[in-house]
Amino acid sequence: MPGKAPCKLGVLVSGSGTNLQAIIDSIEAGQINASICCVISNKADAYALTRAKSHGIPVVIHENKGFTDRQGYDAVTVEILREYGVELVILAGFMRILSETMVNAFPNAIMNIHPALLPAFPGLHAQQQALNYGVRYTGCTVHFVDGGTDTGPIIMQSVVQVEQDDTEDSLSARIQKAEHRTFPAAIKLYVDGKIKVEGRQVRII
Ligand code: GRF
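Residues numbered from 1 in each chain as written. Predicted model: local features only at pLDDT ≥ 70, side-chain atom pairs only at ≥ 80, totals over all residues. Heavy atoms only, no water.

Engineer: How would you explain the overall build of the protein if you had to name every residue and give the values?
Structural biologist: Within the protein, the regular secondary structure consists of six helices and nine strands. Relative to the compact-globule value of 17 Å for 205 residues, the protein shows a C-alpha radius of gyration of 17 Å, a close match. By principal-axis analysis of the C-alpha atoms, the protein measures approximately 50 × 50 × 35 Å. Looking at the protein as a whole, 47% of its 205 residues are labelled buried. For the protein, contacts bridging at least 24 residues in sequence account for 63% of all contacts bridging at least 6. Working note: accessible area of the protein is about 10200 Å², and carbon and sulfur atoms make up 51% of it. (Helix = DSSP H or I, 4+ residues; strand = E, 2+ residues; numbered from the N terminus. Rg over C-alpha atoms; globule rule 2.2 N^0.38 Å. Buried < 20%, exposed > 50% of the residue type's maximum accessible area, 1.4 Å probe, protein only. Contact = heavy atoms within 4.5 Å. Areas by Shrake-Rupley, 256 points an atom, 1.4 Å probe, with all protein chains shown as cover.)

Okay, structure coming up:
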């Protein structure tokens, strides 16, 4: 009997794409039953695009120039994702807030990774926020995207210890290592059909 068809992922990026790389590597290693149909970037010079191309993944540069509002930009993103038949959208360092146009098009099917243990330190510079606050532990969170900023149902979290002499850079590097394990693991749960969302609660079944 043939296995289940690979889940079609669309990955949105803005930067270096180390999380994208971790996901590509997990798929290529046969750990996740998925295929990346397209990588979309709002930045033409994002290194993530080079990573995608070197693995033969189609890339789309979709800049925000010419769009006066988020809805207009997102409507085009949704069109592109639909064109590629995307089932699960992955925000891997995508530095734009999504409008309801995107969120409603993919209900509980957009995943984001945030470099803190939400609900602590949402928004930008989460690692510096953690240092400023003086927490002993921080980490990363994979969550579904809803209408708020970093507020959607939490799928998976990993804890990272804060060291006395940490800088924003050293802490970010340690959190990224955790991200590269956590994001593929959360995507695997989803594609294996092991996630059930009940309101804010994500049950692993
Ligand atoms: C990660 O730290 C992630 O938590 C945040 O953006 C960064 C993306 O890094 N959302 P990369 O482009 O995957 O290297």
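Engineer: Describe the site of the ligand, naming the residues involved and giving the relevant values.
Structural biologist: In the vicinity of the ligand, the contacting residues are Ser-16, Gly-17, Thr-18, Asn-19, Gly-93, Ile-113, His-114, Pro-115, Gln-176 and Glu-179. Ser-16 is positioned with one of its side-chain polar atoms (N or O) 2.8 Å from an oxygen atom of the ligand. At 2.8 Å from an oxygen atom of the ligand is found a main-chain nitrogen or oxygen belonging to Asn-19. Protein burial of the ligand: of its 370 Å² of free accessible surface, 85% is covered by the chains. For the shell around the ligand, the elements supplying multiple residues, two or more each, are α1 (18–28), β5 (110–114) and α6 (168–191). Of the residues contributing to the shell around the ligand, the split by class is two nonpolar, seven polar and one charged. Shared between two domains, the shell around the ligand holds at least three residues of each, these being domain 1 (1–106) and domain 2 (112–205). (Near = heavy atom within 4 Å. Polar contact = N/O pair within 3.5 Å; in protein donor to acceptor, adjacent residues only side chain to side chain. Nonpolar A, V, L, I, M, F, W, Y, C, P; charged D, E, K, R; others polar. Domains from an automatic or database assignment.)

Engineer: How would you sum up the sheet that holds strand β1 (residues 7–13)? Please name residues and give values.
Structural biologist: Ordered by their spatial adjacency, seven strands build an open sheet running β3-β2-β1-β4-β5-β6-β7, and the pairing between neighbours is mixed. Edge strands, defined here as strands with exactly one partner in the open sheet, are β3 (59–61) and β7 (154–161). Taking the axes of each pair of neighbouring strands and ignoring which way they run, one obtains an average angle of 20° across the sheet. Where β5 meets strand β6 (residues 137–144), four bridges bridge the pair, whose relative direction is antiparallel. Residue pairing for β6: Asn-112 is matched across the bridge by His-143. The sheet strands contacting α1 are β1, β2 (34–41), β4 (88–91) and β5, and the helix crosses β2 at an angle near 160°. Those strands touched by helix α2 (residues 47–54) are β1, β2 and β3, and its axis lies near 155° from that of β3. (Pairing = 2+ DSSP bridges. Axes fitted to C-alpha atoms, helices over the stretch in contact; angles between N-to-C directions.)

Engineer: A description of the domain arrangement of the protein should follow, citing residues and the corresponding values.
Structural biologist: The assigned domain composition of the protein is domain 1 (1–106) and domain 2 (112–205). Between domain 1 and domain 2, the contact holds 21 residues from the first and 16 residues from the second. Of the roughly 1500 Å² buried between domain 1 and domain 2 on both sides combined, carbon and sulfur atoms contribute 68%. At the junction of domain 1 and domain 2, the tally comes to zero salt bridges. If you look at where domain 1 meets domain 2, you find four residue pairs in polar contact (both at pLDDT 80 or more). Mapped by element, the contributors of at least two residues to the side of domain 1 that touches domain 2 are β1, α1 and β4. (Buried area = accessible area lost by both parts, 1.4 Å probe. Salt bridge = Lys/Arg side-chain N within 4 Å of Asp/Glu carboxyl O.)

Engineer: Give me α6: which residues, what numbers.
Structural biologist: An ideal rise of 1.5 Å per residue puts 34 Å on 24 residues; α6 measures up with 33 Å between its terminal C-alpha atoms. Residue Glu-179 marks the point of greatest curvature in α6, where the axis turns by about 25°. Leu-171, Ser-172, Ile-175, Ala-178, Glu-179, Thr-182, Phe-183, Pro-184, Ala-186, Ile-187, Leu-189 and Val-191 are the residues of α6 that are buried. Immediately downstream of α6, the backbone of Gly-193 shows phi near 70°, a positive value. (Expected span 1.5 Å × (residues − 1). Bend = angle between axes of the 7 residues up to and from the residue.)

Engineer: Before we move on, can you summarise the nonpolar core with the specific residues and values?
Structural biologist: By size, the foremost hydrophobic cluster in this structure holds 59 residues, and its most contacted members are Ile-36, Met-111 and Ile-187. Of the residues forming this core, the biggest block, eight residues, is contributed by α6. Taken together, domain 1 (1–106) and domain 2 (112–205) each give at least three residues to this core, which thus spans both. Every residue in contact with Ile-36, bar those within four places of it in the chain, is listed here: Leu-9, Val-11, Leu-20, Ile-23, Ile-24, Ile-27 and Ile-57. (Core = buried A, V, L, I, M, F, W, Y, C linked by side-chain atoms within 4.5 Å.)

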